[in-house]
Amino acid sequence: MTLIKWNPTLRTSFFNDVDSWFDNISSDLPAFFHNATEWRPNFEVLNSSDAYRVRADLPGLTKKDVEIEINEDVITITGERKNEYIDDSNYSELTYGKFSRSFNLPDDVKQKDIKASMKDGVLALEIPRVKQVESKAKKILIK
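Residues numbered from 1 in each chain as written. Predicted model: local features only at pLDDT ≥ 70, side-chain atom pairs only at ≥ 80, totals over all residues. Heavy atoms only, no water.

1. Some points on the sheet that holds strand β2 (residues 43-47)
Turning to step 1, where the next piece is worked out: Read from one edge to the other, the open sheet built from four strands follows the order β2-β3-β8-β7, with strand pairing classed as antiparallel. Looking at which strands have only one partner, the edges of the open sheet turn out to be β2 and β7 (115-119). Averaged over all pairs of adjacent strands, the angle between strand axes in this sheet comes to 15°, irrespective of strand direction.
Turning to step 2, where the next piece is worked out: For β7 and strand β8 (residues 122-128), the ladder comprises five bridges, and the chain directions are antiparallel. Bridging from a neighbouring strand, Ala 116 pairs with Leu 125 of β8. (Pairing = 2+ DSSP bridges. Helix = DSSP H or I, 4+ residues; strand = E, 2+ residues; numbered from the N terminus. Axes fitted to C-alpha atoms, helices over the stretch in contact; angles between N-to-C directions.)

2. Structural notes on the packing of aromatic side chains
The geometry of two aromatic rings is summed up by the distance between their centres and the angle between their planes.
Turning to step 1, where the next piece is worked out: In the structure shown here, the tally under the stated rule is three aromatic pairs.
Turning to step 2, where the next piece is worked out: Relative to Phe 99, the ring of Phe 43 has its centre 6.5 Å away and its plane inclined at 55°; by these criteria the two rings are tilted. Here Phe 99 lies in strand β6 (residues 97-104) and Phe 43 lies in strand β2, a separation of 56 residues in the sequence. An identical accessibility class is assigned to Phe 43 and Phe 99; each is buried.
Turning to step 3, where the next piece is worked out: The interplanar angle of 50° and the centroid separation of 5.8 Å between the aromatic rings of Phe 43 and Phe 103 together place this pair among those described as tilted. (Phe/Tyr/Trp six-rings, centres within 6.5 Å; stacked < 30°, edge-to-face > 60°. Buried < 20%, exposed > 50% of the residue type's maximum accessible area, 1.4 Å probe, protein only.)

Next comes the structure, spelled out in structure tokens:
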């Protein structure tokens, strides 16, 4: 199984798809073009035989600025990057605000053993996997 990005909205119509398309385009523009209040940091999910590893680039944040929660097999990472220099006359291409990202946890995860660390603005989660038990076929003799 793989870790799947959780998406709370259902794409049920053409209009939702077009709206999503415009959201994706505008998220790449500087914040002053679309007056963003939500920050969208980059995440990566790595899949190995023993664990899933989730990393996020969170420049300027400390571990106090980030919360991680598991609820019904969904892990949610939230936080906020604040602008200390709030002034409409300043120019900035940096994005500030709250963020929230959720991922569905697969069945082969050891939830109680999940570890998180943060160093130099990079959040790292280690999500250990349950070792696969190899089934050994046993022959039964017919008498």
